[in-house]
Amino acid sequence: MNPQNTRRTRSAWRTLVDHTATGLAILATLLVVAPLIAIFGYLVYKGASSLNLAFFTQIPKPEGEVGGGMANAIVGSAVVLAVASFFGIPIGIGGGIYLAEFGRGTRLANAVRFTADVLNGVPSIVMGIAAFSLIVVPMHHYSALAGGVALGIMMIPTVTRTTEEMLLMVPNSVREAALGLGVPNWRSVLSITLKTASPGVITGCMLAFARVAGETAPLLFTALGNQFWSVSMSREISALPLQIYNYAISPYDDQHRQAWAGSLVLITLIVLAVSLVRFVTSRGILKGAS
Amino acid sequence: MSQLRAPNPLADTPLEKSLAPSAVQATGQPFAETPGSEIPPVSAVRSYLLSCGSYAFADRVFGGLMLLCALSIFAIVGLIAVELVLQSRPSWHAFGISFFLKFNVDPATHLPLFWDPVNGIFYALPFLYGTLVSSLVALVIAVPLAIGVAVFLTEMCPRILRGPLSFLTELLAAIPSVVYGLWAIFVLVPLLREQVNPILIAIFNQPILVKTLGWTGLFGDNGLFGGVNLGLGLLAAGVILSIMILPIIASLTREVMSAVPNSQREAALALGATRWEMIRMAVLRNARIGIVGSVILGLGRALGETMAVAMVIGNSPEIHRSLLSMGHSMASVIANEFSEATSDMHRSALIEVGLALFLVTILVNACARLLVWAVTRGTPARVQ
């Protein structure tokens, strides 16, 4: 075989491998996109056909009866998430301010950053156990407060890390301009730095919020769930993901229908939040901060 | 507070370095001119003015408050650990290390008996097994797909498609796990039971394969795909887990791949490499540590995933070799039994399972973070 020929076959072989690899990568992408479209399509199809006004206005009917809605679960989710945001977001932002403004480059800040990342990966069910033994056991009662605390703990690391990254994007000259005008440091951090970075910080908070809004596991034995109206902090409370879970594993068709409707509502809320975040960040509103 | 500022105000670096803040954070030790002392990246003049101004007290209080917020993260991890250890003590005292290793034998049927809350028998072996096997199945499915997607998105994708596709993978990450579970119960499980499993069973029960490779224990009636085909089980859990961890692995892998400098790619192309050879030699080779890190991070997520697994794994504390058999994972047993635990020992045993899960995921996540960090350290911090 002459060298010209070998080179040609080698080249053909390399082209073939190149095309195969491209094909495989495209195939992988299709395989990943397929389940997403399947999930969304099925969800919209099943959910839209099961949604009705009663779903938003009525509380669940007794087991086996047709009809009823998830009004109490929607309100319950709002209550639990409000509790979670009430102390998860301020503490998270505070931690982020410390990392970006005070502890920059110190060993302590690196440790906090690392711990936050690790805490982000701790399973949500473990947070549920922690909230159970911290709040439910001393109170002798499942409660909305315990559910809120469990979710709030989960928000802190996410909010801390995004706040830090957003604050780091604020140029130093802005800080120095404020300090040069004689503004005290704390005031400059709050009214100048944090304010400049506020679109990004809000984005981070909404991402954390969207993430815990769909969490079920930490609520299973903290908020527990409730078939009736309740907005009390110290009582069991229902939540949308909990209700979806209970209905999904129940034997009744009508409850399955409502589980689909509930999932559609939940996902619509989360997707709205995420797309809003993406819209805000892609529109360059953050550009003022960089 | 004050020791965080520069101790000697007028010594060195009279002007603020005008480095981008993200680069300061990324390089780790930004201003280490003097060895052994940590100098924060603020100018000496600024820190001097701050320490003697009339607002020094208010500033110190504010800084202290923020420090408290940051320390609360340590406090949370500590509190979780302490609570889990305290609450799981009864079970630890009763069973010791054999909690994770041993099992009883049912006197009537001579089958192993692991978990019987009514009779007070608590051995966690089947949960470890279920968690491990379902996560491994998930990784086997998800890793090649995720790397394929990442390669496609970073190296091959037309610019128009890049935005929508990465948005889609982000959406996949935003779906709550209970919705995945719902979809798995009503779509995935029937699909597996009627379409996929019969094919797998037929392949793995081929007489030739059973005869020649039967000694591996993977084929035949006692093999990976033997037994009753219910749809529910370890395989279903693994498949739904793989769909859930795909976006995490894919997006991190993408990040690591884009951290590879373009000069590497150009060098490979200039030497006459085809696109795939360039990806293999320049991109994948340079990013391999980060890819391993992102896979481990995905593993951490799979280990701790609760609701979707609890809904399809079958929830029976047994150990079978077959992937079609029912199982139980560490997270799913807690989700299923915790709120209706029959005794204090039952609850304590469940908390001990939770403690094990906590420790394992912390370990896995710490490893993964260190690996990913080691690779992306050189590039500016990116906003997720």
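Keep in mind it's a predicted model, so treat the numbers as computed, not measured. (Residues numbered from 1 in each chain as written. Chains lettered and ligands numbered in written order. Predicted model: local features only at pLDDT ≥ 70, side-chain atom pairs only at ≥ 80, totals over all residues.)

Draft legend 1. The domain arrangement of chain A, seen in detail. Residue and element names in this part refer to chain A. For chain A, the assigned domains are domain 1 (3-50) and domain 2 (57-289). Centre-to-centre separation of domain 1 and domain 2, based on C-alpha positions: 36 Å. Taken together, the contact pairs six residues of domain 1 with seven residues of domain 2. Across the side of domain 1 that touches domain 2, the residue classes break down as three nonpolar, two polar and one charged. (Domains from an automatic or database assignment. Contact = placed C-beta atoms within 7 Å. Nonpolar A, V, L, I, M, F, W, Y, C, P; charged D, E, K, R; others polar.)

Draft legend 2. Structural detail: the interface of chain A and chain B. In this complex, chain A contributes 80 residues to the contact, which on the side of chain B involves 85 residues. Per-element tally for the side of chain A that touches chain B: the top contributor is helix α1 (residues 3-50) of chain A, with 18 residues. Its residues assigned to classes, the side of chain A that touches chain B comprises 54 nonpolar, 18 polar and eight charged. (Helix = DSSP H or I, 4+ residues; strand = E, 2+ residues; numbered from the N terminus.)

Draft legend 3. Expanded view of helix α3 (residues 56-87) of chain B. For α3 of chain B, which comprises 32 residues, the first-to-last C-alpha distance of 45 Å matches the rise-based estimate of 46 Å (1.5 Å per residue) to within 8%. The sharpest bend along α3 of chain B reaches about 30 degrees and sits at Leu71 of chain B. (Expected span 1.5 Å × (residues − 1). Bend = angle between axes of the 7 residues up to and from the residue.)

Draft legend 4. Looking closely at the packing of helix α4 (residues 107-120) of chain A against helix α6 (residues 144-168) of chain A. All names here are of chain A. Viewed as axis vectors pointing N to C, α4 and α6 meet at an angle of 135 degrees, and their least axial separation amounts to 8 Å. One finds that α4 runs oblique with respect to α6. Handedness of the α4/α6 crossing: left-handed. Contacts from Ala116, Leu119 and Asn120 in α4 reach Pro157, Thr158, Thr160 and Arg161 in α6. Among the residues forming the contact of α4 with α6, the class breakdown is three nonpolar, three polar and one charged. (Axes fitted to C-alpha atoms, helices over the stretch in contact; angles between N-to-C directions. Parallel < 35°, antiparallel > 145°, perpendicular 65-115°, else oblique. Left-handed = near helix turned anticlockwise from the far one by under 90°.)

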